[in-house]
Amino acid sequence: MHRKILLLVALAIGSGIPSPAQTQTVIVRPEAGNEVLVNPGMGITTFQRFNGQPLNQGLRWSEEGPTAKLSTAPDRSDFPDTSIAYCRWFWNELQPTPDRVRWEIIDIALEEARRHHQTLAFRLMPYDQEHPLPEWYRNSGARRANRPTDKDGSIWQPDFSDPLYLKHWNALVSAAGARYDGHPFLDTVDISSVGYWGEGWSDYMPAFPFQKALIDIYFDAFKRTPLLMNFDEPQALAYGTGRGAGWRLDCLGDMGRQWTDRPSFSHMLDFYPQQIARMGVQDVWQRSPVSLETCWVPGFWKEKGWDVDYILDQALRWHVSSVNVKSSPIPLEWKSKFEEFQKRMGYRFILRRLEYPRSVKAGEMMSIHMWWLNAGVAPAYREYTLALELTSGTESESVALVADVRKWLPGDSVVDQLVYVPETLKPGAYELRVALLDPRTKKPAVRLAIKGREADGWYRMGGISVSATETRER
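For clarity, every value in this text was computed on a predicted model and none was experimentally measured.

Caption draft 1: Just the overall build of the protein chain, in detail. Counting its secondary structure elements, the protein chain contains 12 helices and 17 strands. Structurally, the protein chain occupies a C-alpha span of about 95 × 50 × 50 Å along its principal axes. Scored against the burial criterion, the 474 residues of the protein chain give a buried share of 52%. For the protein chain, long-range pairs separated by at least 24 residues make up 74% of all intrachain contacts whose partners lie at least 6 apart in sequence. Looking at the protein chain as shown, the accessible area adds up to about 22700 Å², and 51% of this sits on carbon and sulfur atoms. Of the side-chain charges in the protein chain, 56 are positive and 58 negative, and the distance between the mean point of each set is 4 Å.

Listed below in structure tokens is the structure:
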């Protein structure tokens, strides 16, 4: 019996007569695109500035975040467009007095990110060698960890186990969370607590219970915005990621021979790969983002003759979603390498195959089959709505499919389901379109790695006929 059916289908195809299934079903295989995609939550970030603003020159950059609007470059800078602006500010800049926090600084940055079609990732930093802790804090009776006569005595180093440090840092972070947690233009927040730049390491490390308390501050303050755990302290890294944070490291690219106290040490060869394995954070990327920051800038890598292919490949092995190159020019000879890197970092959704009925009836169900490929190295970490739209010159209706794209890990995903055809659709010829929508705005939010994108962000798949539902007499 099976052989007879196969024979009939073969005869129908061979004779040019379409089989019943062929006449009733449309199969679309979209053509893949090869361009770099600018999508939410991924890519090469700007640093202390926004899309279209002047780059840092040479091999230098600033750790001081913007406190006012910045001017746009007169000529478009040769820097990748990006969906993320990364900024960080020192405590003494944000809180000059105990009773005043300059929230307008972060408010302006969020508005500038929106205006430049970006979201903001930020860090609050306690201090560094050139930006001391707030004077009011140093005069508050807080304990100092070092003495003026010590080797590093010119820098007022705090005792991170001091109840006053926990109190005042907690107050700042908690207030920031109350004000910004869940903000639609806030991408991520770094967990910052101990040491220079809040990176989590110090010559005056507190016992782990105090580190834990400083980490918990962020989880209490930011329950909706994704958090990123700084990398250097192993126990803290394991704890923060264990609570659900992603992770970030800040010396991507260091291939060694730069550290006077450790002449042969290399972050890329001697520390990062082993730390990831030892702390068991290899799979964190499956549910929380990985963000990296260059050690120095790419121009410095080139000056030192470091292996850029190894560096970028290693970042992809760590399932990177975003990289801060400190708004520094990418060497011209490496531009194509970075473009290929951008095509693989984060997520890259390709619709390989769509099957749908050629004709449907309003008010009834239609069968949809989709095969998707995530050609990137990470999932999307925010929720998006997979939607179909039936549109004509005068009629348009969209329907949401049941699909959690946050679970589309690198590789294949399949969506097979019945979809309701809105009964409000009038009979006629329609175009079927697909998009990933922002649940908040109901508008297309993600660029797919296929051709056929239209001006409003939807992707045209093909034609479909809608007829009226037959009414039955009782």
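Caption draft 2: Representation of the packing of helix α4 (residues 103-115) against helix α6 (residues 163-180) in the model. Axis separation between α4 and α6 bottoms out at 12 Å; the angle between their running directions is 40 degrees. Between α4 and α6, the interaxial angle falls into the category oblique. In the crossing of α4 with α6, the sense of the turn from one axis to the other is right-handed. Of the residues in α6, those in contact with Trp 103, Ile 106, Asp 107 and Leu 110 of α4 are Leu 172, Ala 175, Ala 176, Arg 179 and Tyr 180. A breakdown of the residues in the contact of α4 with α6 according to their chemical character gives seven nonpolar, no polar and two charged.

Caption draft 3: How the structure looks around the sheet that holds strand β1 (residues 25-28). An order of β1-β10-β12-β15 is seen for the four strands of this open sheet, with the pairing classed as antiparallel. Sheet topology places β1 and β15 (411-420) at the edges, where each strand pairs with a single neighbour. Here the strands of the sheet are splayed against their neighbours by 15 degrees on average, with no regard to which way each runs. Judged from the four bridges that link them, β1 and strand β10 (residues 349-357) form a sheet pairing that is antiparallel.

Caption draft 4: Focus on the layout of surface pockets. Size it by volume and the second largest pocket reaches roughly 970 Å³. Along the wall of the second largest pocket there are 28 residues; nearest its centre are Trp 197, Glu 199, Trp 201, Asp 250 and Trp 259. Elements with a minimum of two residues in the lining of the second largest pocket: β7 (246-252), α9 (267-278) and β8 (290-294). The element best represented in the lining of the second largest pocket is α9, accounting for three residues. Grouping the constituent residues of the lining of the second largest pocket by class yields 10 nonpolar, five polar and 13 charged.

Caption draft 5: Structural view of the nonpolar core. Among the nonpolar cores identified, the biggest contains 92 residues, and Ile 106, Trp 169, Phe 222, Trp 247, Leu 252 and Leu 292 are the most heavily contacted of them. Sort the elements by how many residues they give to this core and helix α7 (residues 208-221) lands first, with seven residues. Residues in contact with Ile 106, not counting those within four places in the same chain, are Trp 89, Leu 94, Leu 120, Phe 122, Leu 124 and Tyr 180. If you look at the next biggest cluster of nonpolar residues, it comprises 43 residues, including Tyr 347, Ile 350, Ala 362 and Leu 432.

So, how was this worked out
Residues numbered from 1 in each chain as written. Predicted model: local features only at pLDDT ≥ 70, side-chain atom pairs only at ≥ 80, totals over all residues. Heavy atoms only, no water. Helix = DSSP H or I, 4+ residues; strand = E, 2+ residues; numbered from the N terminus. Buried < 20%, exposed > 50% of the residue type's maximum accessible area, 1.4 Å probe, protein only. Contact = heavy atoms within 4.5 Å. Areas by Shrake-Rupley, 256 points an atom, 1.4 Å probe, with all protein chains shown as cover. Lys, Arg positive; Asp, Glu negative; His and termini not counted. Charge placed at Lys NZ, Arg CZ, Asp CG, Glu CD. Axes fitted to C-alpha atoms, helices over the stretch in contact; angles between N-to-C directions. Parallel < 35°, antiparallel > 145°, perpendicular 65-115°, else oblique. Left-handed = near helix turned anticlockwise from the far one by under 90°. Nonpolar A, V, L, I, M, F, W, Y, C, P; charged D, E, K, R; others polar. Pairing = 2+ DSSP bridges. 1 Å grid on protein atoms, 1.4 Å probe; cavity = no way out; pocket = protein on both sides within 12 Å on 5 of 7 lines; lining within 4 Å. Points joined across faces, edges and corners; volume = space filled by probe spheres on them. Core = buried A, V, L, I, M, F, W, Y, C linked by side-chain atoms within 4.5 Å.

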